[in-house]
Amino acid sequence: MIFLFALIINVSVLKAQPMPANTDPETVSVARKGVVKGRIVEEGSLIALEYANIAIYSLPDSLLAGGAIARINGAFAIEELKPGKYYVDAKFIGYEHTLKNEIEISRENPEVNIGVIQLIPASENLQEVNVVAQDRPIVYNIDKKVVDPSQFPTTAGGTATDVLANTPSVVVDIEGNVTMRGSSNFTVLVDGRPTPFDPADALEQIPASTIRNIEIITNPSAKYDPDGNAGIININTKKSKLTGVSGIMNASGDTNGSYSGDFLLNFKREKFNFFVNGNLQNRQREGEYSSINKSFSTPDTIFTISDGYNQRGRESWSLKTGFDYYINDYNTLTFSIGGNDRKSTSDGLSDTHEYSSEYDLKSSTNQLGERSGKELSMSLDYRKTFEKDEQELTAYLYYETGNSEDYSLYNRYFDFNTDSLISGQKNWEAGNDQQFRFKADYVHPFTEQLKLEAGYQLRIDRDYEWNDVHWYTGFEDYKPSEDSEYYSDTYFYRNIHSLYSTFSQSGSFFGYQLGLRTEYTNRSLEYSKQDEPSTINRWDFFPTVHLSFQLPSEQQIITSYSRRIDRPRGYYLEPFMTYVDAYNVRVGNPDIEPEYINSYEIGYQKQLGKGFLSAEIYHRKTVNKIERLTSVYEENIMLGTVDNIGEDYSTGLELMLNTNPTKWWMFNLMGNAYHYLVEGQLQSGAVSQESFNWHTRMSNTFSVTPTTKLQFDLMYHSPSVTAQGRREGFMFTNLAIRQDLFDKKLNVTLAIRDLFDTAKFGYVSEGSEFYSSRNFDMKSPVASLTLSYKINNYRQSKPNNAEASDNGMMDMGGGEF
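The residue count restarts for each chain, going from 1 along the sequence in the order it is written. Predicted model: local features are reported for residues with pLDDT of at least 70 only, side-chain atom pairs are reported and counted for 80 or more only, and whole-chain, interface and lining totals are derived from all residues. With hydrogens and water set aside, each side-chain value is computed from the structure's full complement of heavy atoms.

Draft legend 1. Representation of unusual backbone geometry in the model. Omega for the bond connecting Leu59 with Pro60 falls within 30 degrees of zero, at 5°, which places this linkage in the cis form. As for its placement among the helices and strands, Pro60 is situated in the loop between β2 (53-58) and β3 (64-69). The omega torsion across Ser780 and Pro781 is -5°, close enough to zero to call that bond cis. Secondary structure elements follow DSSP: runs of H or I of four or more residues count as helices, runs of E of two or more count as strands, with numbering from the N terminus. Considering the arrangement of structural elements, one finds Pro781 in the loop between β44 (770-778) and β45 (782-792). A positive phi angle, close to 60°, is found at Glu80, a residue other than glycine.

Draft legend 2. Region of interest: the nonpolar core. The criterion is simple. A nonpolar core is a set of buried Ala, Val, Leu, Ile, Met, Phe, Trp, Tyr and Cys residues joined through side-chain atoms within 4.5 Å. The cut-offs for exposure are 20% and 50% of the maximum accessible area for each residue type, with area from a 1.4 Å probe on protein chains only; residues under the lower value are buried, those over the upper are exposed, and the others partly exposed. Judged by nonpolar contacts, the single largest core of 35 residues is most densely connected at Leu164, Phe186, Leu203, Ile214, Ile216, Ile233 and Ile235. Should any heavy atoms of two residues lie within 4.5 Å, those residues are counted as being in contact. Dropping the residues within four chain positions of it, Leu203 is found in contact with Thr159, Ala160, Thr161, Leu164, Val178, Phe186, Val188 and Ile235.

Draft legend 3. Spatial organisation of the sheet that holds strand β4 (residues 75-78). Strand pairing follows a simple DSSP-based rule, namely that at least 2 bridges must link the two strands. Ordered by their spatial adjacency, 3 strands build an open sheet running β4-β1-β7, and the pairing between neighbours is mixed. Each edge of the open sheet is held by one strand with a lone partner, namely β4 and β7 (111-119). Strand after strand, the sheet turns through a mean of 20° between neighbouring axes, direction not considered. Alignment of strand β1 (residues 35-42) against β7, held across 7 bridges, turns out to be parallel. An axis is simply a line fitted to the C-alpha atoms; with a helix, the fit covers only the stretch in contact. Between two such axes, the angle follows the N-to-C directions and lies from 0 to 180 degrees.

Draft legend 4. Up close: the pairing of β1. Within β1, 7 of the 8 residues are buried, which leaves it mostly tucked inside the rest of the structure. Both β1 and β4 contribute to a ladder of 4 bridges, which runs antiparallel. Bridge pairing in β4 places Arg39 opposite Ala75.

Draft legend 5. The environment of Ala222, seen in detail. Relative to the elements of secondary structure, Ala222 occurs in the loop between β16 (211-217) and β17 (232-237). Among the residues examined, Ala222 registers a relative accessible area of 2% and is labelled buried. With 296 residues separating them along the chain, Ala222 and Thr518 place their C-alpha atoms 9.0 Å apart.

Draft legend 6. The arrangement of the sheet that holds β3 in detail. On the basis of which strands lie adjacent, the open sheet formed by 4 strands has the order β3-β2-β5-β6 and antiparallel pairing. Looking at strand neighbours, the two that pair on one side only are β3 and β6 (98-105), the edges of this open sheet. Neighbour-to-neighbour, the strand axes of the sheet open up by a mean angle of 20°, direction not taken into account. Inspection of the sheet shows β2 paired to strand β5 (residues 84-91) by 6 bridges, in the antiparallel sense. Pairing of Ile56 across the sheet is with Val88, part of β5.

Draft legend 7. Molecular detail of the pairing of strand β19 (residues 259-268). Residues of β19 alternate between two faces, with Ser260, Asp262, Leu264, Asn266 and Lys268 buried on one and Tyr259, Gly261, Phe263, Leu265 and Phe267 left unburied on the opposite face. Two successive antiparallel strands, strand β18 (residues 244-254) and β19, enclose a turn made up of 4 residues, where Gly257 displays a positive phi of approximately 95°. Relative to strand β20 (residues 272-295), β19 runs antiparallel, the two being bridged by 10 bridges. Opposite Ser260, over in β20, you have Gln281 as the bridge partner. Between β19 and β20, which pair antiparallel in sequence order, lie 3 residues.

Here's what the structure looks like:
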């Protein structure tokens, strides 16, 4: 890597050497400074198409004279062209080729700007046979995959989690747990901004109907926060760019009793754009579960067998409003304020049989849980562009404050139908938090192909939480108290200062980006039952390298490296005991170290007509591997905790094929196969577990008529291992039909999830003193109906300089309708 860096710098320096004194300046000016410039965007939406491929051919012999790759704002420049006549061929995976003819370079006019080239998505309107081809659901860029949720009717009425179930690199199980290439540790951004929620909660908060696209970034550059083992999921939400009033409204319901609704309204004038969006959700899930626990900590083995039924609910609402102020052609200001309220509930009933050679006890249990919280957030964004193309300065301020409360009740009875209470337990956990972020970024292009980016970020996090538990054998009214023997509280603060810089150069056939990010972390965790706080003061360094190679016949090779960090989640650090139920307790580990990840990727892309083939080989090594561990706490009571156990390795191959067998049928096939190895040290001794994991996803979309789409999906995920056990494999299928009405202003979608009721899950963990297995079977299939209506009767305005580039602040509300 050092050799590569030195080579690139030397090449750049050599290119910048002054010309010999005996060289004819006029000849050099023509021979070396002939330039063709332009910009590539998508037709209609005018979204910049980063990494589009532009080739220039001489006339009349059509010989290749040069080429370039579009930058983040779609701009390109092809340099070192000789005087003569040319034509340009612009192309991008998922779009039709576009030619630009009659380009002439001369001594008098060595620089030609051919303006904006609009590429048309690779689709056809075949009205004569009442079928239409499909738009691309997934577009592969060099450093990310961009997913269009509108191309997946099976996700209608769902959330961001449901959309991710259809994307490469991501796995979603029936309980909504999300992993990227086998890891649940990733970062979720919304419109390029952090969220106050854990990744799983954040994804469940966002309705699928409000999402413009989702970016899957498995190897981010130094510009991004390095948090997350597996990378970043960035969700760009919708925001209209139409002059006047425009908007969209959605409503849905399903056979589980879930319902949701959301809206987005925009009002745009020359200088101002006002937006407001909100959503209301009530999502219900229910299913059966069973578990078997064996405790070997005493001479006599204790068995605990449970079978039960659980209903889970999630209610939430959110509202966000703000404005964009286009001060002039070079300055834009955006302000937004939003709030939300959420509540998750759980109601479980089960029968338990607990026995050994010395006793036999049968009981019934009722477990109720409720988690609630409120948040308020504000952000202020500023963006300044300059006369020089791609030069810009951006900055934002973000503030969030919120509170949360977690309450659970667990009662054991001899008989549900009587008041024969054996024992009861109540748990409380509540707190409040604050987050503040400031970030500034500057982009300076030295030439059309050479660019430097640099920035600074400050993150401030404050979190206070308290916890209490109460046991009883008779029904009584108890309120949490600081005088309780089991009451405890914690105060957590963390400041992170970050500096980064990236240096990139693009050429006709080769491009590179080198980056380095450094962060200083100051963290403290104070615990009321501990004299000294747990502190961290640490510098970290995160290098990144991205390389791209353009090959003949519309082929591309991309490779990258990044070093990342996965900081422990808040509840991983909590040192107090949480009593989950009569058989399970949990405690955090304030001394746990962050994981450090070295991630390597190399990918290949080949356009196949209007489809494409993509292949990626990846290797990821994690140091200080954080693992959830189980041990025996007391006889048949299990203790859950977390610790750094050692290292893990994931090496795999990810494939995706997109093709149109006919003009009305689009077929997507995605697959990921990887070898997983975890090695480390547990209390019971050394551990080494490995498995070969694979999953595949097949999606078929049929355009029955120009206004009717039918989609069928099938997904399978193989078994996998952990340091103490394994997870069984599972499969599920989805079916949906979407009908567009009233000139596509109204969409009606009927979807059926887990069509054949095959999504069943099993987990096993075991050690020298215990064995535990759990199985889940959620109620399926589930049918849903979704209505979506667009308010969009106004002409589309041409973007000014502040809007024309995607290189900068992401829209606070997202993209286009």
